[in-house]
Amino acid sequence: MALHELSRLLQKVQKPARYIGGELGAVVKQPSPAMVRFAFCFPDLYEVGMSHLGMKILYSLLNAEPDIWCERVFAPDVDMETAMRRAGVPLYGLESFDPLSVFDIIGFTLQYELSYTAILNMLDLSGIPVRAKDRTSLSPLIVAGGPCACNPEPLSDFIDLFILGEGEEIELELVTLYRQARDAGMSKKDFLMRASGIQGIYVPSLYTPVYDDQGKISELKVETGAPKTVTKRVVADLDKMFSPQNFIVPFIEIVHDRAMVELFRGCIRGCRFCQAGFTYRPIREKSPERLASDAVCLCDSTGYDEVSLSSLSTSDYTGLEPLMDKLQDWADSQKISLSLPSLRVDGFSPALLEKVQRIRKTGLTFAPEAGSQRLRDAINKNVTEEEVLGTCRTAFEAGNTAVKLYFMMGLPTETMEDIEAIATLAQKVVDLYYSLPGKPKGKGVTVTISVACFVPKPFTPFQFAPQDSIVQLEEKQKHLLRSVRSKKITVHYHDAVTSFLEAVLARGDRRLCNAVELAWKKGSRLDGWNEHFSMRRWTEAFAETGVEPNFYTARKREYDEILPWDHLDYGVDKSYFIDENEKATEAVTTSHCRLGCNGCGADRLTGGICI
């Protein structure tokens, strides 16, 4: 695209810096016939996509290869899309400004179910057919990976192949195979069959589900030569894994505008609602030495003054104290603040708080998830009220006056008494603050309750559970508001309608593909943003394509039912999820992995080695 064309468009849109590229750290290469060009597409706005650590890792990994050029592509906001369509300008890569259609491989990351229509819109805005069957040539190859790829069926008609699990090794293997196929003039069909032989690659066109008269899957037909089960990929040794030494520094503020290092993958806890806690297993840690080196390098190369030590549960990293000791003198001298997200209330100490807030005092967030002990046991949170209050005491005594508490509602076995218990626990935190003799003078306390609606997800013990209806969730939200009696407590909650749609797509099968396409044609684009979301479009799309959404949300699954993702292997055995679901009904907990292996099965992915 000519830059003068882009210049005219940018005069008509908000935040034009989203669309111009050229940031510090961006990689620009000279294209050649031998080069494989890879478009890393994030189906959301620039500010969201540029915050994603996975994109940073894979962008640097691919561009470290001299014969691969990876560029970034983000979904344009509505004003930019309108201007592009009117001017006939296709979606383009931010590094070269070349249209997406000239790339060899177009890869989408699936972070959120409500981004599915954005994927179709990005393809269409590039002039690329959205249906895989309508793309007969090898190039461009449309691939997708990320958390939502654990149930790829609602996108199976649009994506040529899915990457299951971690991409650091498999991305390079895929590009190598693609180059061989391209240079040999191989057909797309033959290439996809060969690609299915790589562990972690799922080619949906090689699998055909058969449905019974109740709408359930009765059989999955697999083409000869394709694996009956596709097993995800994991990187066994994180210290030997590629880590970026540089991040692209954006021109505008993004959601997470800081350097990030990844402490470990997986989670020892086994909270029964948490998909990431199971799909990222087995647990593997990076050494404190490697992490300290990466953190210093990233701040030197980018100029960031904050480092986020990232994981699913940062306080469960066994090398946290040594790592903090290694980083503290450097951070103090350079005025670098250290951010530890995802802290557990049972892994929090005054010493840790002092180290984290030495440079910059930030708000503290903890996740009890449920208000009552019975429900916390049912979801296997393994946190007591005493631990919650003890952690808040530590925060208050250190001079903090604001605490945010995360909860969920609509959890299996939940009652209205459990909803009231959320407000009761928050009130106890308020009362605790005012009971402390050393509280800051003249300052009141602020306790913020943030409540998400429970969405049953694949590869969790609650994958069998029905979701509360929109009416039930909204009634629980009203009951929570009535139960809060202090002005010191602020309540935020997620929209029940979008949580309902998320649940449909999370556990859907490939019969949803027609509805996803029709919702997009009706105008769905950036459904993760309230100002762009319309449930009416989806309701019409479901009705016109013969989809009953309650079949995917309100129905309890029997243990012997063939689930749409049962032919995909993310490491944890289905029998383990069944056992954990049974324990949930009795509010019986399971100890975390470091207290003893519970036999989930994920250790086989790294040769029988886990914790």
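The preceding data block contains the structure.
Procedures and definitions
Each chain has its residues counted from 1, following the order in which its sequence is written. Local features in this predicted model are restricted to residues of pLDDT 70 or higher, and side-chain atom pairs are both shown and tallied only at a pLDDT of 80 or more, whereas totals for entire chains, interfaces and linings draw on every residue. To get the side-chain values, take all heavy atoms of the structure and skip hydrogens and water. Secondary structure is summarised from DSSP: a helix means a run of H or I of at least four residues, a strand means a run of E of at least two, and numbering begins at the N terminus for each. Take the residue count of a helix, subtract one, and multiply by 1.5 Å to get its expected span. Note on exposure labels: buried denotes an accessible area under 20% of the residue type's maximum, exposed denotes more than 50%, and partly exposed covers the range between, all computed with a 1.4 Å probe on protein chains only. The contact criterion used is simple: two residues touch if any of their non-hydrogen atoms lie within 4.5 Å. Pairing between strands is defined by DSSP: at least two bridges between them are needed. Orientation is described by axes fitted as lines to C-alpha atoms, over the contacting stretch for helices, and by angles from 0 to 180 degrees between their N-to-C directions. Grid points spaced at 1 Å over the protein atoms alone were grouped into cavities, where a 1.4 Å probe fits but cannot get out, and pockets, open sets with protein on both sides within 12 Å along at least five of seven lines, with lining residues defined by an atom within 4 Å of a point. Grid points are joined across faces, edges and corners, and a volume is the space filled by probe spheres set on the points. Between Lys or Arg on one side and Asp or Glu on the other, a salt bridge is scored when a side-chain nitrogen of the former is within 4 Å of a carboxyl oxygen of the latter. Any Phe, Tyr or Trp ring, taking Trp's six-membered ring, that has another such ring centre within 6.5 Å forms a pair; planes under 30 degrees apart are called stacked, those over 60 apart edge-to-face, and the others tilted. Among buried residues, those of type Ala, Val, Leu, Ile, Met, Phe, Trp, Tyr and Cys that are joined through side-chain atoms within 4.5 Å constitute a nonpolar core. Orientation is classified from the angle alone, with under 35 degrees giving roughly parallel, over 145 giving roughly antiparallel, 65 to 115 giving roughly perpendicular, and any other angle giving oblique. Whether a crossing is left-handed or right-handed is set by the direction in which the near helix is turned from the far one by less than a right angle, anticlockwise for left-handed and clockwise for right-handed. The nonpolar class holds Ala, Val, Leu, Ile, Met, Phe, Trp, Tyr, Cys and Pro. Asp, Glu, Lys and Arg form the charged class, and all remaining residues, Gly among them, are polar.

Enquirer: What am I meant to see in helix H20 (residues 574-585) here?
Expert: Every α-helix carries 3.6 residues per turn, so stepping three or four residues along brings you back to the same face. With twelve residues, H20 ought to run about 16 Å at 1.5 Å a step, and its terminal C-alpha atoms sit 17 Å apart, in line with that. Among all positions of H20, only Tyr 576, Phe 577, Ile 578, Glu 580, Asn 581 and Ala 584 are buried. As for H20, its buried residues are in contact with helix H8 (275-279) and helix H12 (373-378). Backbone geometry just after H20 places Ala 587 at a positive phi near 55°.

Enquirer: When you look at the sheet that holds strand E4 (residues 141-145) in this model, what are you seeing that I'm missing?
Expert: Backbone hydrogen bonds hold the strands of a sheet together, and the pairing may be parallel or antiparallel. Strand order in the open sheet made by the six strands is E2-E1-E3-E4-E5-E6, with mixed pairing throughout. Unpaired on one side and paired on the other, strand E2 (68-74) and strand E6 (201-202) mark the two borders of the sheet. Two elements, strand E1 (residues 36-42) and strand E3 (residues 105-109), share four bridges in a ladder whose sense is parallel. Following the sheet pairing, Phe 38 is matched in E3 by Ile 105. Here helix H3 (residues 53-63) sits on the sheet and contacts E1 and E2; the angle it forms with E2, its principal contact strand, is near 150°.

Enquirer: Help me understand empty space enclosed by the protein in this model?
Expert: This structure, assessed with the given rule, holds six cavities of 30 Å³ or more. Size it by volume and the largest cavity reaches roughly 110 Å³. Along the walls of the largest cavity sit 14 residues, with Arg 18, Tyr 19, Phe 74, Leu 91 and Leu 94 positioned nearest its centre. With three residues, the top contributor of residues to the lining of the largest cavity is E2.

Enquirer: I keep staring at the pattern of salt bridges and nothing clicks. Help me out?
Expert: Pairs may arise between side chains of opposite charge once their charged atoms sit close together. Considering all chains together, one arrives at 51 salt bridges under this definition. Arg 510 serves as the salt-bridge partner of Glu 153, at 2.8 Å between the closest nitrogen and oxygen. Taken together, the positions of Glu 153 in the loop between E4 and strand E5 (161-163) and Arg 510 in the loop between helix H16 (496-506) and helix H17 (513-521) put the pair 357 residues apart, joining distant regions of the chain. Note on accessibility: Glu 153 and Arg 510 belong to one class, buried. Measuring nitrogen to oxygen at the nearest pair gives 2.7 Å for the salt bridge that ties Arg 511 to Asp 509. Given the relative accessible area of 29%, Arg 511 is considered partly exposed.

Enquirer: Help me understand the packing of aromatic side chains, please; the structure alone is not making it clear to me.
Expert: Two aromatic rings are characterised by how far apart their centres lie and by the angle between their planes. Taken as a whole, this structure holds 14 aromatic pairs when the rule is applied. When the ring of Tyr 433 is compared with that of Tyr 434, the centres are 5.1 Å apart and the planes differ by 90°; the resulting orientation is edge-to-face. Taking the relative accessible area as the measure of exposure, Tyr 433 reaches 0% and is therefore buried. Note on Phe 459 and Tyr 570: the rings are 5.0 Å apart at their centroids and 45° apart in plane angle, and the pair reads as tilted. Here Phe 459, found in the loop between strand E17 (446-453) and helix H15 (470-483), pairs with Tyr 570, found in the loop between strand E19 (568-569) and H20; they are 111 residues apart in sequence, far enough to count as distant.

Enquirer: Can you walk me through the nonpolar core in this structure?
Expert: The nonpolar side chains of a soluble globular protein tend to be buried, and buried together. Among the nonpolar cores identified, the biggest contains 114 residues, and Met 80, Ile 106, Phe 108, Leu 161, Phe 191, Trp 538 and Phe 542 are the most heavily contacted of them. Beyond its immediate chain neighbours, meaning those up to four positions away, Phe 542 contacts Leu 501, Val 504, Leu 512, Ala 515, Met 535, Val 547 and Pro 549. With 67 residues, the next largest nonpolar core counts Phe 407, Val 451, Ile 489 and Val 491 among its residues.

Enquirer: Any chance you could explain the sheet that holds strand E14 (residues 337-339) here in plain terms?
Expert: Within the open sheet, the three strands sit side by side as E10-E13-E14. Their pairing is parallel. At either margin of the open sheet sits one strand with a lone partner, and together these are strand E10 (259-262) and E14. Between one strand and the next, the sheet's axes are offset by a mean angle of 25°, whatever the strand orientation. Here strand E13 (residues 306-310) runs beside E14; their pairing, made up of three bridges, is parallel. For Glu 306, the partnering residue across the bridge sits in E14 and is Ser 337.

Enquirer: What is the right way to read the packing of helix H4 (residues 78-87) against helix H5 (residues 116-125) from this model?
Expert: Packed helix pairs are specified by the crossing angle of their axes together with the interaxial distance, meaning the distance between the axes. Relative to each other, H4 and H5 sit at 25°, their axes nearing to 12 Å. As judged from the angle between their axes, H4 and H5 are roughly parallel. Note on packing geometry: the crossing formed by H4 with H5 is left-handed. Facing Glu 81, Met 84 and Arg 85 of H4, the residues of H5 in contact are Asn 121, Asp 124 and Leu 125. Among the residues making up the contact of H4 with H5, the classes are represented as two nonpolar, one polar and three charged.

Enquirer: Whenever I open this one, the pairing of E1 confuses me. Can you help?
Expert: In regular strands, side chains alternate between the two faces of the sheet. Counting buried positions over the seven residues of E1 gives seven, a clear majority of the element. Across seven bridges, the pairing between E1 and E2 is parallel. Bridged to Phe 38 within E2 is Cys 70.

Enquirer: Would you take a moment to explain the side chain of Ser 499 for this structure?
Expert: For Ser 499, the location among the structural elements is in helix H16. Of the residues examined, Ser 499 reaches a relative accessible area of 3% and is grouped as buried. Every residue in contact with Ser 499, bar those within four places of it in the chain, is listed here: Cys 453, Val 455, Gln 467 and His 494.

Enquirer: When you look at unusual backbone geometry in this model, what are you seeing that I'm missing?
Expert: One can expect most non-glycine residues to show negative phi and most peptide bonds to be in trans. Across the junction of Ser 139 and Pro 140, the peptide omega takes the value -5°, indicating a cis bond. The topology assignment puts Pro 140 in the loop between H5 and E4. For the bond from Arg 281 to Pro 282, the omega torsion is 5°, close enough to zero to count as cis. With respect to the secondary-structure elements, Pro 282 resides in the loop between H8 and strand E12 (284-285). With a phi close to 65°, Asn 380 is a non-glycine residue in the positive phi region. Asn 380 sits in the buried class, given a relative accessible area of 1%. Notably, Phe 459 is not glycine yet its phi reads approximately 60°, a positive angle. You can call Phe 459 buried: its relative accessible area is 6%.

Such coordinate-based values are descriptive only and should not be taken to indicate function.
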